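Chain residues, written in single-letter form:
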Amino acid sequence: MGEHLRDHPVTPRTDAEKQAVVNRLKRVEGQVRGIQKMVEEDRYCVDILVQISAINAALKKVGFSIAERHTKHCVSDAVQSGEGEEAIEELMEVMKQFSK
């Protein structure tokens, strides 16, 4: 697999799509800052763990939304151009990371 799918032209994200992802990531960033503050204030460990769990869930949600878009655009385009096998393989590899 010398040539990577990422080298192929893709359907660029719309400004609205970008903004939605960026907004979600900013929310997560705020949650992380909140946890830092909780640690500095010696807050109860379980409360901190609950917040960490919420951040993990939020990040997974962002990841799945990006994976969904990738599937509908990049993978779909690759399948139509005869490179579906490689695209699906690449997607499955990265999705395995999400299940760890």
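See above for the structure.
Residues numbered from 1 in each chain as written. Predicted model: local features only at pLDDT ≥ 70, side-chain atom pairs only at ≥ 80, totals over all residues. Heavy atoms only, no water.

K.L.:
What exactly am I supposed to notice about helix 3 (residues 84-98) here?
P.N.:
Turn by turn, an α-helix covers 3.6 residues, leaving residues three or four places apart pointing in a common direction. For helix 3, spanning 15 residues, the distance from its first C-alpha to its last is 21 Å, which sits close to the expected 21 Å at 1.5 Å a residue. Residues of helix 3 that are buried: G84, A87, L91 and M95. Buried residues of helix 3, seen end-on, are gathered within an arc of 65° and therefore sit on one face of the element. Of the surrounding elements, those touching the buried residues of helix 3 are helix 2 (45-80). (Helix = DSSP H or I, 4+ residues; strand = E, 2+ residues; numbered from the N terminus. Expected span 1.5 Å × (residues − 1). Buried < 20%, exposed > 50% of the residue type's maximum accessible area, 1.4 Å probe, protein only. Arc of directions from axis to C-beta. Contact = heavy atoms within 4.5 Å.)

K.L.:
Help me understand the packing of aromatic side chains, please; the structure alone is not making it clear to me.
P.N.:
How two aromatic rings sit relative to each other is given by the distance of their centres and the angle of their planes. Tallied over the full model, the rule gives 1 aromatic pair. Centre to centre, the rings of F64 and F98 are 5.2 Å apart; their planes meet at 40°, and the pair counts as tilted. Of the two residues, F64 is situated in helix 2 and F98 in helix 3; the sequence distance between them amounts to 34 residues. Using a relative accessible area of 42% as the deciding quantity, one classes F64 as partly exposed. Residue class for F98 comes out partly exposed when judged on its relative accessible area of 24%. (Phe/Tyr/Trp six-rings, centres within 6.5 Å; stacked < 30°, edge-to-face > 60°.)

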